[in-house]
Amino acid sequence: MVTILLDGRGDLAEWREAARPLLLARTAPRTIDWRCRSDATSDLFGPAVETPDTAIAVAATAPTMTVPKAFLSLAQAVICHSDPLRFHLLYRVLFRLQEERTLLEVLSDADVAQLHAMEKSVRRDCHKMTAFVRFKEVAAEDGHARRRFVAWFEPDHHIVARAAPFFQRRFTDMDWIIATPKGTAAWNGKALTISAAPAENPMLTDQTDTLWRTYFSNIFNPARLKVKMMMTEMPKKYWKNLPEAKLIPGLIAGAEASVIAMAERAASEAPLFHQRLQALAQTEREVARASAETLEELREDARHCTRCALHCRATQTVFGEGPQDAKIMIVGEQPGDQEDLAGRPFVGPAGAVFNTVAQDAGLVRKDTYVTNAVKHFKYEPRGKRRIHQKPNAGEVQHCKWWLTRELELVKPKLVVAMGSTALMALTDGRQRLSDLRGQIVQLGAGQSLLVTVHPSYLLRIPDEGKRLEETTRFRLDIARAVKFG
Ligand code: URA
């Protein structure tokens, strides 16, 4: 067995130099152990590794080698692949090519198919690098006129040298360094330098991050959104190094509402001035803070929510209230007429029923986080009155963005869903209230859910006896929540 030790950093010449004498000596592929220096040193308990035996005997009569051009071009990509078996595969195909001249045309051959798969993976990695490298400006050197930029990228394969000429052509008038765990490329206007040594993430941010976000939210077309395709184009593993990636969940969540709004606007008129201002402010806010970190920030963001059409008629967003460390979160349906005017949940007639029952059951409202599935009042104007309308599934779905963030920030031990709209928002409409009533079930992420009726249901029961009976059941449900929380 001959052991060949290579650096294996995507350098075809290194492999070719080792492969040539072996091939001329007609060394069978299975008798060669190809190794990467980095793997070899970490393989403490593996067999001892020898450096290549340069004195491989070449038969005096050895014919010359056949290396088709198509093989070379495939090999240039495949050698960059991070699979340690690539050296062996390349050699085996080259060895077989000496007898099977048309081997590369047999795409169904397992070796050829594997070569193509590896080539494709390397090509894709290069493409992602050209698309996702984000340069950050760093201070220019004293007396140096050119601006300097640094980028961090995490490729799957050893592609730095292969992809670097693209950046040299594209960003020729600035100095830059692209650092990766698989080596570094640097350009200073005169020379492109490639180093194979792994670099560390410099963890830089600059104003261009905001520019990227602005650009991304502007080119994002909700009407063309195909989440699956988007995830293929911009796989999640790249997100952590992309400043604009923070926006993606929010943009996806709001896409359907934006499409409806766009379609409504498309009728004839340009959007009203205040709507344009509002939309602009919304984008700026999303750019500035893609993901609120406190309830106060979230409440502020929600004040300007335009995710669905309900904001057009409501007086204001009625956001949840209560301490961020509340153990119990109460979720109602949507603000009513009085809540819409006051800007607080459960302050009208249903709120009065809830407060009374809560007090009887030992629930302290000021220690409880109280919110709604939908944050804007939906109603139908009738004369001077505003008649409550139940939010539809789409509205609940759009507003779920806020409820989910409230759940993530408050992290209550127990969530109480009051009524079917709250239940739909919390379980995606998969469950029926009558099946779960009074039970405590798992909600996920260590949280539990108790399902009960909405207090306004009690107000609508005409028969007094029945109303009393149902109110007692409701009180028992809330008391159970108190005990659990
Ligand atoms: N009904 C609800 O569901 N929530 C309120 O805030 C008021 C009435």
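What you are looking at is a predicted structure, and each value in this text was computed from that prediction instead of being measured.

### Quick look at the packing of aromatic side chains
Here comes step 1: Taken as a whole, this structure holds 16 aromatic pairs when the rule is applied.
Here comes step 2: Relative to Phe-71, the ring of Trp-15 lies with its centre 6.4 Å away and its plane at 45°, an arrangement referred to as tilted. Placement of the pair is Trp-15 in helix H1 (residues 12–24) and Phe-71 in helix H3 (residues 69–78), with a sequence separation of 56 residues.
Here comes step 3: Measuring from centroid to centroid gives 5.6 Å for Phe-346 and Phe-354, while their planes differ by 45°, and the two rings are tilted. Of the two residues, Phe-346 and Phe-354, both sit in the buried class.
Here comes step 4: Aromatic rings pair up to connect Trp-15, Trp-34, Phe-71, Phe-87, Tyr-91 and Phe-95 into one cluster.
Here comes step 5: The lysine or arginine in question, Lys-375, covers the ring of Phe-319, its NZ or CZ lying 5.8 Å from the ring centre.
Here comes step 6: The ring centre of Tyr-379 lies 4.9 Å from the NZ or CZ of Arg-386, which sits over that ring.

### Topic: the site of the ligand
Here comes step 1: Near the ligand you find Gly-332, Glu-333, Gln-334, Pro-335, Gly-336, Glu-339, Pro-345, Phe-346, Asn-372 and His-454, and these make up its full shell.
Here comes step 2: Within the backbone of Phe-346, an N or O atom sits 2.9 Å from an oxygen atom of the ligand.
Here comes step 3: For the ligand, whose accessible area on its own is 240 Å², the fraction buried by protein is 93%.
Here comes step 4: Of the residues in the shell around the ligand, the class split is three nonpolar, five polar and two charged.

### What about the sheet that holds strand S4 (residues 148–152)?
Here comes step 1: What the five strands build is an open sheet, ordered S3-S4-S5-S6-S7; its pairing is mixed. Every other strand in the sheet has two partners, leaving strand S3 (136–138) and strand S7 (192–195) as the edge strands with one partner each. When the angles between neighbouring strand axes are averaged without regard to direction, this sheet yields 20°.
Here comes step 2: In the packing of helix H6 (residues 160–170) onto the sheet, contacts are made with strand S5 (175–180), strand S6 (183–187) and S7, and the angle to S7 comes to roughly 155°.

### Focus on the packing of helix H14 (residues 393–410) against helix H15 (residues 420–427)
Here comes step 1: Two elements in contact, H14 and H15, have axes whose closest approach is 9 Å; the angle formed by their N-to-C orientations is 70°. When the axes of H14 and H15 are compared, the pair comes out roughly perpendicular. Relative to H15, the crossing made by H14 is right-handed. Along its contact with H14, which presents Ala-393, Val-396, Lys-400, Leu-403 and Leu-407, the element H15 presents Thr-421, Met-424, Ala-425 and Leu-426.

### Concerning the sheet that holds strand S8 (residues 328–332)
Here comes step 1: Read from one edge to the other, the open sheet built from five strands follows the order S9-S8-S12-S14-S13, with strand pairing classed as mixed. The sheet is open, and its two borders are formed by strand S9 (369–372) and strand S13 (440–444), each paired with just one other strand. For this sheet, the mean inter-axis angle between neighbouring strands, taken without regard to orientation, is 30°.
Here comes step 2: Pairing analysis gives five bridges linking strand S12 (residues 414–418) to strand S14 (residues 447–452), with the strands arranged parallel. In the strand pairing of S14, Met-418 is matched with Thr-452.

### Remarks on the nonpolar core
Here comes step 1: With 60 residues, the main nonpolar core has Trp-15, Trp-34, Phe-71, Leu-115, Phe-135 and Trp-176 as its most contacted residues.
Here comes step 2: Setting aside residues up to four positions removed in sequence, Trp-15 forms contacts with Leu-6, Trp-34, Phe-71, Ile-79, Phe-87, Leu-90, Tyr-91 and Leu-94.
Here comes step 3: Listed in part, the 52 residues of the second largest apolar core include Ala-292, Leu-295, Phe-346 and Leu-449.

Calculation rules
- Residues numbered from 1 in each chain as written.
- Predicted model: local features only at pLDDT ≥ 70, side-chain atom pairs only at ≥ 80, totals over all residues.
- Heavy atoms only, no water.
- Phe/Tyr/Trp six-rings, centres within 6.5 Å; stacked < 30°, edge-to-face > 60°.
- Helix = DSSP H or I, 4+ residues; strand = E, 2+ residues; numbered from the N terminus.
- Buried < 20%, exposed > 50% of the residue type's maximum accessible area, 1.4 Å probe, protein only.
- Lys NZ or Arg CZ within 6 Å of the ring centre and 35° of its normal.
- Near = heavy atom within 4 Å.
- Polar contact = N/O pair within 3.5 Å; in protein donor to acceptor, adjacent residues only side chain to side chain.
- Areas by Shrake-Rupley, 256 points an atom, 1.4 Å probe, with all protein chains shown as cover.
- Nonpolar A, V, L, I, M, F, W, Y, C, P; charged D, E, K, R; others polar.
- Pairing = 2+ DSSP bridges.
- Axes fitted to C-alpha atoms, helices over the stretch in contact; angles between N-to-C directions.
- Contact = heavy atoms within 4.5 Å.
- Parallel < 35°, antiparallel > 145°, perpendicular 65-115°, else oblique.
- Left-handed = near helix turned anticlockwise from the far one by under 90°.
- Core = buried A, V, L, I, M, F, W, Y, C linked by side-chain atoms within 4.5 Å.

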